[in-house]
Amino acid sequence: MRYWSILLYIILSFISQVTIAQYYNTGQDPASLKWMQIKTGRFTVIFPGEFASGGIDFARSLDESYSKLVSIYPEKKFKIPVVIHNHTVHPNGYVAWAPRRMEIYPTPEQNTIPLDPVKQLTLHELTHVFQMTSLKKGISDIASVILGEQFTGIMAALLPLWFFEGQAVFAETVLTESGRGRSPSFQKQLKAIAVEKGKMYKYDKIINGSYRDYVPDHYQTGYQMVTWAIIEHDPAIWNKVINFTATQPFTINPVNISLSRYAGLKKKTLFNETFDTLKTLWTDEISENNTKNYKTLNPGKKKDYINYYSPVFAGADSILAIKTSLSAPAEFVLVNPETKTEKKIHVPGQIYPYFITYSNNLMVWVESQSDHRWENRKYSVIKSKNIKSGRTKRLTRKSRYMAASISPDGNRIAAIENTAGNINKLVFLDADNGSVIKTVPAPDNMHLQRPQWSENGEKISVIFLTEDGEGISSYSVKDNKWEFPVKAGIEDLQASFLRNDSLFYISSLSGTDNIFLSTPDKTTFKLTESKFGVIDLSLKGNTLLFSDYSSSGNNISSAPLAGKIILSTDNRDSSSYLINRVELSKEPGEVNSGSTYIPEPYRKWKHLFRFHSWMPFYVDLEEIKADPSAIRPGATIMTQNHLSTLVSSVGYEYSAEEKHVFHSRVTWMGWLPVIESRLDYGNNPVISKTQDDADPSVVQPRLRFINTVSLPLTFSSGKFSEYIRPSISSDYRNDLIFMKDENYYDSDQTILSGRIFFSNVFRNALRDIYPKWGQVIDLNYLFAPFDRNIYGTSLTIKTTFYFPGFLRDNGIRIRYEKEKQDPSRFFYGNRVLHPRGYKDIISLELDFMSVDYVLPIAYPDFNISSFFYLKRIRTGLFYDYAVGTDNTYYVHDGTGQRPVQTNRFRENFESYGFELLADFHILRIPYMISGGVQTAWKTITEKPAVMLLFNINLYGMSIGRR
């Protein structure tokens, strides 16, 4: 019976967490922004006023994308808000359904495909809207009346993420001349696994991920599976799958059932069929193209997956590069190609793109930085490091430089700037202090990417992107003149370099990303024959330096310029690109703009509340995270506005005390401080008295009113990320406390608290259990100024320090915590915990110290059918020690918790033991579970205390471009 209880708890956890995961809040934009809107027949496009022309472009593109998508989907009627956040520096987009909206982050990226980013974003994200809208029919439509928009989100959990993203990539590809499905870089990772490892990873490993090996994401896998099913089985198969899921969700696994009914296969069968075919196509393609293995210059990787990006020559015998792995964040390394050794020289902050340049001991790159308060405002700053002196500089502040390149003489930097109003520029800066020397507008405001100085420092070459695709342009510093050696087209371009009017560049022209040479007489030659694709070109003398992809990641490789140069051929129509076999059964529909796209003011105060979901029962969204069974009879209504500045809920509960209880919670995040209020009214008040005391003559329903004002601030200026959150709170309740000396019941208590939480944490890697380095300080002070005769004061400080372990992926955590209470009649209860294995003790003073050592044991990547997938087994050893003064022991009985003993002296508490945990997935649901046991001994002769540990890694339920 106990095991069934555990299984029921897990099932309830999934149901509740999938529900909660929909209430997705990515953050807020600066409060000072003035917002505009454009209303079309289907979309309300909301954007800051400075982005007016961009808002019009998105409104038009959304209508155009709708007209194209009706060739894939049945035409749908819907209205959806589209919120544009133009103060970020990385492109993204997502669709969420509780509340229903599309959110767009429009900044053009630096490693894009040859497709207009507005068109790609609108096609991709609007595909998700069609998918979600298609789920609202039959039983799902009826249930949406009962539960609101959240039920459609719950239904979406029945469909695998690879389907959502795979079909969106399919749509952006089949409805344009580009799209990721036509990009060799998009499929090279799967291609390398299938060809070099001899077979694709198992289906469960692909969809659940791995700590042992790199696993391509569900965008790549899903696109291939979705496309193959359309080609080989039924062009309308996925509409049938969605329709069956919507109308018969009670079948538990509707995707498998519908695939079996309409195509005679299951998800796993489709996966195997797709990649067995692709493996054959890819292997034949590599054989036919006579690909080469290039000399590898970096150290051996053993069995690890390691990438080297942007290799550049640094002196006679060294190469600078960016290194990434599963065990460490991105870092700069200095590689000696002769000895195959490397030295770590710097760990940057959030670096994007993975692009560095070097000259005269100085390396330059771009880092992303968060705004201190507003999550939807980020900056991109230029940094430099002198590898001889070791000095690192931040050259710009609060800037939007997307990529940067240092001149051959080391004096100037050429950078790409994109303003919040989407104005693109080429900017020249002083390499010593970052001051702007010159600003050059981009021709026709085309998107600029990857600036690179020519060998003689007279020109800058850039990749550019327009509606016609990608091309290469060059800017003459002396003549102030733009030239266009490679016109815009559908080939994917990744890098460029000019030498003596000869242009070296990386292109997908041959069907794989390779290095090409265009001579002054416009003759084009192919210089490499890579198996899976190269990136990041640099040149020194007659040696080409680049990163060449393999199943173990990018290798630093080189090739001589001398020798036979192969004339390029065009293999874009290769059969290994499944999209080349697809023909649409319907033509795109007519574009129905519905308006002339005239922006009008968007008044924030008119849109404070947007009710989106409700429940015919009461649930506290915070409580249910810890206890999925915490559901009561009643009703709940939830609201979140378009800009995610106001989130609130209102609920009615028929409580366990058989009382009618009202609940409300409001969180306002639109100003610099965050204001939270919670009110609960209706239960019985807490009555504190002894058995000999008289009962209160009047008992009012319990009222509890909690208010908190906080200021969450983030500081990320490098490899560490700092967070500080000062807050003040008031907690009022009308509990009844018998004052024996005065012979009356006190009926109102207010407890005030002040808190400062601070953390400084090193950037995480995938395999990290603890941060490699980190410090956390949590200072809390409680007092009751109006009830000093009842409560006293409590001061708590909690500190945590993280250190690397003795082996890779091991971690150490050291905690020191201290609490001191000065009570009047009642304790507050301890915020500092006693050592593991102790419970039901409250101490007047408590000093606590703990040491934990954690390490992975194995990365099994083991599955039992579709039920269970084991990713990692890990363990931790711990020792806890505490000293408590005036310790009161409690027991639980039918009347609640009561004290049984108080020791008016100092006592020592200690325990030691271990935790054994597994990280796993159940039923192929994307949320990872961590579960296991904790065993704590107080002494070696006592029986240990055993506790079950359980946690779900919940990161939000949204579907989006990244």
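Residues numbered from 1 in each chain as written. Predicted model: local features only at pLDDT ≥ 70, side-chain atom pairs only at ≥ 80, totals over all residues. Heavy atoms only, no water.

Student: Explain the overall build of the protein chain residue by residue, including any values.
Tutor: Secondary structure assignment for the protein chain yields 13 helices and 54 strands. Along the first, second and third principal axes, the C-alpha set of the protein chain runs to 105 × 65 × 55 Å. Counting all 962 residues of the protein chain, 56% fall into the buried class. A fraction of 58% describes how many contacts in the protein chain between residues 6 or more apart in sequence connect residues 24 or more apart. Summed over its atoms, the accessible surface of the protein chain is roughly 41,400 Å², and 55% of this surface lies on carbon and sulfur atoms. In the protein chain, 109 side chains carry a positive charge and 99 a negative one; their mean positions are 2 Å apart. (Helix = DSSP H or I, 4+ residues; strand = E, 2+ residues; numbered from the N terminus. Buried < 20%, exposed > 50% of the residue type's maximum accessible area, 1.4 Å probe, protein only. Contact = heavy atoms within 4.5 Å. Areas by Shrake-Rupley, 256 points an atom, 1.4 Å probe, with all protein chains shown as cover. Lys, Arg positive; Asp, Glu negative; His and termini not counted. Charge placed at Lys NZ, Arg CZ, Asp CG, Glu CD.)

Student: I'd like a rundown of the packing of helix α6 (residues 161–174) against helix α9 (residues 218–232), residues and numbers included.
Tutor: The axes of two packed helices give the description: the angle between them and the distance between them. The interhelical angle for the contact between α6 and α9, taken along N-to-C directions, is 70°, at an axis separation of 7 Å. One finds that α6 runs roughly perpendicular with respect to α9. Of the residues in α9, those touching α6 at Leu 161, Trp 162, Phe 163, Glu 165, Gly 166, Gln 167, Val 169, Phe 170 and Thr 173 are His 218, Tyr 219, Gly 222, Tyr 223, Met 225, Val 226, Thr 227 and Ile 230. Of the residues in the contact of α6 with α9, the class split is ten nonpolar, six polar and one charged. (Axes fitted to C-alpha atoms, helices over the stretch in contact; angles between N-to-C directions. Parallel < 35°, antiparallel > 145°, perpendicular 65-115°, else oblique. Nonpolar A, V, L, I, M, F, W, Y, C, P; charged D, E, K, R; others polar.)

Student: Just give me the short version of the pairing of strand β14 (residues 378–386), but keep the residues and values in it.
Tutor: Counting buried positions along β14 yields seven of nine residues, so the element is predominantly enclosed. In terms of strand pairing, strand β13 (residues 362–370) meets β14 through nine bridges, oriented antiparallel. The residue bridging Glu 367 from the neighbouring strand is Val 381, located in β14. Pairing geometry for β14 and strand β15 (residues 392–394), over three bridges, is antiparallel. Pairing of Ser 384 across the sheet is with Lys 393, part of β15. The hairpin formed by β14 and β15 contains five residues between the paired strands, and Gly 390 there has a positive phi angle of roughly 85°. (Pairing = 2+ DSSP bridges.)

Student: Please provide a residue-by-residue account of the pattern of salt bridges, values included.
Tutor: For the structure on display, the rule yields 45 salt bridges. The salt bridge involving Arg 755 is made with Asp 778; its shortest N-O contact spans 2.7 Å. Linking Arg 755 in strand β44 (residues 749–762) with Asp 778 in strand β45 (residues 774–783), this pair joins segments that are 23 residues apart in sequence. Its salt-bridge partner being Lys 818, residue Asp 847 comes within 3.0 Å of it at the nearest N-O pair. (Salt bridge = Lys/Arg side-chain N within 4 Å of Asp/Glu carboxyl O.)

Student: Quick one: what's the story with the sheet that holds strand β29 (residues 543–550), residue by residue and with numbers?
Tutor: Across a sheet, strands are paired by hydrogen bonds formed along the backbone, either parallel or antiparallel in direction. Ordered in space as β6-β30-β29-β28, the four strands form an open sheet in which the pairing is antiparallel. Both edges of this open sheet fall to β6 (295–296) and β28 (534–540), since each of them pairs with a single strand only. Sheet topology places β6 next to strand β30 (residues 553–560); two bridges connect them, and they run antiparallel. Within the sheet, the bridge partner assigned to Lys 295 lies in β30 and is Ser 558. The strands that helix α7 (residues 184–196) touches are β28, β29 and β30; relative to β29, the one it contacts most, it runs at about 75°.

Student: Pulling in residues and values, what's your account of the sheet that holds strand β8 (residues 319–325)?
Tutor: Taken together, four strands build an open sheet; the order of strands is β7-β8-β9-β10 and the sheet is antiparallel. Both edges of this open sheet fall to β7 (306–313) and β10 (341–346), since each of them pairs with a single strand only. In this sheet, adjacent strand axes meet at a mean angle of 35° when their direction is disregarded. Pairing between β7 and β8: six bridges, direction antiparallel. Across the sheet, Val 312 pairs through a bridge with Leu 320, a residue of β8.

Student: Tell me about a nonpolar patch on the surface, residues and numbers included.
Tutor: Nonpolar side chains collect at one region of the surface, where Phe 609, Phe 611, Trp 614, Ile 637, Val 650, Phe 662 and Tyr 681 lie side by side and expose about 660 Å² of accessible area between them. Using a relative accessible area of 38% as the deciding quantity, one classes Phe 662 as partly exposed. (Patch = residues over 30% accessible without salt bridge, like charges linked within 9 Å, V, L, I, M, F, W, Y side chains within 5 Å.)

Student: Describe the packing of helix α2 (residues 52–69) against helix α3 (residues 117–134), listing the residues and the values that go with them.
Tutor: Interaxial distance between α2 and α3 falls to 9 Å at its minimum, and their mutual angle equals 55°. Our classification of the angle between α2 and α3 gives oblique. Between α2 and α3 lies a crossing of right-handed hand. Between α2 and α3, the residues in contact are Asp 57, Phe 58, Ser 61, Leu 62, Ser 65, Tyr 66, Lys 68 and Leu 69 and Val 118, Lys 119, Leu 121, Thr 122, Leu 123, Leu 126, Thr 127 and Phe 130, respectively. (Left-handed = near helix turned anticlockwise from the far one by under 90°.)

Student: Any chance you could break down the side chain of Arg 450 for me, citing the residues and the numbers?
Tutor: Along the chain, Arg 450 falls in strand β20 (residues 447–453). Separated by 2.8 Å, the side chains of Arg 450 and Asp 536 make a polar contact. Once you skip the residues sitting within four places of it in the chain, Arg 450 turns out to touch Gln 110, Asn 111, Phe 355, Ala 403, Ser 461, Val 462, Ile 463, Gln 494 and Asp 536. (Polar contact = N/O pair within 3.5 Å; in protein donor to acceptor, adjacent residues only side chain to side chain.)

Student: Describe the environment of Val 335, listing the residues and the values that go with them.
Tutor: In this fold, Val 335 is placed in strand β9 (residues 331–336). Its relative accessible area of 1% is what places Val 335 among the buried residues. Considered as a pair, Val 335 and Val 82 are 253 residues apart in the sequence and their alpha carbons are 47 Å apart. If we skip the residues at most four places from it in the chain, Val 335 touches Leu 297, Asn 298, Pro 299, Asp 317, Ser 318, Ile 319, Thr 341, Glu 342 and Ile 556.

Student: Outline the packing of aromatic side chains, supporting the account with residue identities and numerical values.
Tutor: Under the defined criterion, the tally for this structure stands at 35 aromatic pairs. Here the aromatic rings of Tyr 781 and Phe 783 are separated by 5.4 Å at their centres, their planes lie at 25°, and the arrangement is stacked. Phe 783 gets classed as partly exposed once you look at its relative accessible area, which sits at 27%. Here the aromatic cluster, defined as three or more aromatic residues joined through ring pairs, consists of Phe 43, Tyr 66, Tyr 73, Phe 78 and Phe 130. (Phe/Tyr/Trp six-rings, centres within 6.5 Å; stacked < 30°, edge-to-face > 60°.)

Student: Please provide a residue-by-residue account of helix α4 (residues 139–147), values included.
Tutor: Every buried residue belonging to α4 is among Ser 140, Ala 143, Ser 144 and Leu 147, and all of these are buried. The buried residues of α4 all sit within an arc of 110° when viewed along its axis, so they share a single face. α4 presents Ile 142 and Val 145 as exposed residues on the side facing more than 90 degrees away from its buried surface. Turning to α4, the residues buried within the fold contact α5 (150–156), α10 (237–247) and β33 (611–619). Looking one or two residues beyond α4, the residue adopting positive phi is Gly 148, at roughly 80°. (Arc of directions from axis to C-beta.)

Student: I'd love a proper account of the confidence of the model for the protein chain, names of residues and values included.
Tutor: The share of residues in the protein chain with pLDDT of 70 or more is 93%, and the mean pLDDT across the chain is 90. Mean pLDDT across the secondary structure elements of the protein chain bottoms out at helix α1 (residues 2–20), with 46, and peaks at strand β18 (residues 424–430), with 98. Under a pLDDT of 50 for its full length, residues 11–21 has, in the predicted model, 29 contacts with residues more than four places off or in other chains. (pLDDT = per-residue confidence, 0-100.)

Student: Requested: an account of the environment of Leu 608, with residues and values cited.
Tutor: Looking at where Leu 608 falls in the secondary structure, it is placed in the loop between β32 (600–601) and β33. Residue classification places Leu 608 among the partly exposed positions, given a relative accessible area of 29%. Considered as a pair, Leu 608 and Lys 383 are 225 residues apart in the sequence and their alpha carbons are 41 Å apart. With residues up to four places along the chain from it excluded, the contact list for Leu 608 reads Asn 641, Leu 646 and Trp 668.

Student: Could you give an account of unusual backbone geometry, naming the residues involved and the relevant values?
Tutor: Residues Ala 98 and Pro 99 are joined by a peptide bond in cis, for which omega reads 5°. Tracing the backbone shows Pro 99 in the loop between β4 (92–97) and β5 (100–105). In this structure, Pro 353 follows Tyr 352 across a cis peptide bond, with omega equal to -5°. With respect to the helices and strands, Pro 353 occurs in the loop between β11 (350–351) and β12 (357–359).

Student: Requested: an account of the pairing of strand β42 (residues 736–739), with residues and values cited.
Tutor: Judged by which residues are buried, β42 turns out to be covered on both faces: Leu 736 and Phe 738 on one side and Ile 737 and Met 739 on the other are all buried. Note that strand β38 (residues 687–688) and β42 share two bridges and pair parallel. Within the sheet, the bridge partner assigned to Ile 687 lies in β42 and is Leu 736. Pairing analysis gives three bridges linking β42 to strand β43 (residues 744–746), with the strands arranged antiparallel.

Student: Talk me through the nonpolar core; I want residue IDs and the actual numbers.
Tutor: Formed by 81 residues in total, the largest nonpolar core has its most connected members in Val 45, Leu 126, Phe 170 and Trp 238. Counting residues in hydrophobic clusters, the runner-up holds 16 residues, among them Ala 414, Trp 453, Ile 460 and Val 462. (Core = buried A, V, L, I, M, F, W, Y, C linked by side-chain atoms within 4.5 Å.)

Student: Go over α2, please, and point to the residues and values.
Tutor: Spacing of three or four residues puts side chains on the same side of an α-helix, whose turn is 3.6 residues. With 18 residues, α2 should reach 26 Å at 1.5 Å per residue; the first-to-last C-alpha distance of 26 Å fits that figure. For α2, every residue scored as buried is listed here: Gly 54, Gly 55, Phe 58, Ala 59, Ser 61, Leu 62, Asp 63, Ser 65, Tyr 66, Ser 67 and Leu 69. For α2, the secondary structure elements touched by its buried residues are β1 (35–39), β2 (43–48), β3 (80–84), β5, α3 and α6. (Expected span 1.5 Å × (residues − 1).)

Student: Got a sec to walk through the side chain of His 834? Specific residues and values, please.
Tutor: Along the chain, His 834 turns up in the loop between β47 (811–822) and β48 (841–858). Here His 834 falls in the buried class, since its relative accessible area comes to 12%. With residues up to four places along the chain from it excluded, the contact list for His 834 reads Ile 841, Ile 842, Ser 843, Leu 846, Phe 848 and Phe 909.

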